[in-house]
Amino acid sequence: MIFGDTITRVRPLVTQDRYGSDVLDYAAGSRTVFAGVCVQPRSSTEATGDARDMVTTGWRIYSPAGMDLDIEPVDRIEWAGRTCEVIGEIARWPHPMRPGAVHHCEVDIQKVTG
């Protein structure tokens, strides 16, 4: 794999509404750039319905050996002109020779259009 991609993590600012519920504000959130990762296609599905056609496209982000990505399921990822949602948990693979260290990370993201 070639680790030539750059992604931007958008971590939302968490505020509370008047009822005490958490509100995620991505526009006011923090942004962190991760360079030297690899983004690969994962899946694409199409659905047609009465109201609209929908396309769901997924990718997987791989970090190189020794790079831990500070990404959480609530974050969004900007890449190649797209804003994607993080899907599921982030896989942090343990390093085989350094106990407690991360060898690499894998993050699934997706974008829904339509």
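About the criteria used
Residues numbered from 1 in each chain as written. Predicted model: local features only at pLDDT ≥ 70, side-chain atom pairs only at ≥ 80, totals over all residues. Heavy atoms only, no water. Phe/Tyr/Trp six-rings, centres within 6.5 Å; stacked < 30°, edge-to-face > 60°. Lys NZ or Arg CZ within 6 Å of the ring centre and 35° of its normal. Disulfide = S-S within 2.5 Å. Buried < 20%, exposed > 50% of the residue type's maximum accessible area, 1.4 Å probe, protein only. Core = buried A, V, L, I, M, F, W, Y, C linked by side-chain atoms within 4.5 Å. Helix = DSSP H or I, 4+ residues; strand = E, 2+ residues; numbered from the N terminus. Contact = heavy atoms within 4.5 Å. Lys, Arg positive; Asp, Glu negative; His and termini not counted. Salt bridge = Lys/Arg side-chain N within 4 Å of Asp/Glu carboxyl O. Polar contact = N/O pair within 3.5 Å; in protein donor to acceptor, adjacent residues only side chain to side chain.

**So, the packing of aromatic side chains**
Per the counting criterion, the structure on display carries one aromatic pair. Above the plane of the ring of Tyr26 lies Arg76, whose end atom (NZ or CZ) is 3.7 Å from the centre.

**Points about the state of the cysteines**
With the rule as written, the count across this model stands at zero disulfides. Among the cysteines around Cys84, which has no disulfide bond, Cys38 carries the closest sulfur, lying 15 Å off. Free of any disulfide, Cys105 has its nearest neighbouring cysteine sulfur in Cys38, separated by 14 Å. On the basis of relative accessible area, Cys105 is assigned to the buried category, the value being 0%.

**Describing the nonpolar core**
With 17 residues, the main nonpolar core has Ile7, Ile61, Leu69, Ile71, Val107 and Ile109 as its most contacted residues. Of all the secondary-structure elements, those providing two or more residues to this core are strand S2 (22-48), strand S3 (53-62), strand S4 (76-79), strand S5 (82-94) and strand S6 (102-113). Here this core takes four residues from S6, the largest share from any one element. Those residues within four positions of Leu69 in sequence are excluded, and the remaining contacts are Phe34, Val37, Ile61, Ser63, Arg92, Cys105 and Val107.

**As for the side chain of Glu106**
By secondary structure assignment, the location of Glu106 is in strand S6. Put simply, Glu106 is tucked away with no salt bridge, and the nearest opposite charge, on Arg60, sits 4.1 Å away. Of note is the side chain of Glu106, whose polar atom sits 3.3 Å from the side chain of Trp93. There is a polar contact of 3.0 Å between the side chain of Glu106 and the side chain of His104. With sequence-adjacent residues up to four places away left out, Glu106 is seen in contact with Arg60, Ile61, Tyr62, Ile90, Ala91 and Trp93.

**What to know about the side chain of Ser63**
Along the polypeptide, Ser63 turns up in the loop between S3 and S4. A distance of 2.8 Å separates the side chain of Ser63 from the backbone nitrogen of Cys105, its partner in a polar contact. Not counting chain neighbours up to four residues away, the residues in contact with Ser63 comprise Phe3, Val37, Leu69, His104 and Cys105.

**A look at the environment of Ile71**
Mapped onto the elements, Ile71 comes out in the loop between S3 and S4. Note: C-alpha distance between Ile71 and Ala35 (36 residues apart in sequence) is 14 Å. For Ile71, the contacting residues outside a window of four places in its chain are Ile7, Arg9, Arg11, Phe34, Ile77, Val86, Ile90, Arg92 and Val107.

**What about the pattern of salt bridges?**
If you walk through the whole model with that rule in mind, you get eight salt bridges. Between Asp70 and Arg11 there is a salt bridge, with its nearest N and O atoms 3.3 Å apart. On the criterion of sequence distance, the pair formed by Asp70 in the loop between S3 and S4 and Arg11 in strand S1 (residues 5-16) is long-range, its members being 59 residues apart. In this structure, the salt-bridge partner of Arg11 is Asp75, at a minimum N-O distance of 2.9 Å. Of the two residues, Arg11 is situated in strand S1 and Asp75 in the loop between S3 and S4; the sequence distance between them amounts to 64 residues. A relative accessible area of 18% means that Arg11 is categorised as buried. Overlapping salt bridges, with partners in common, bring together Arg9, Arg11, Asp70, Glu72 and Asp75 in one network.

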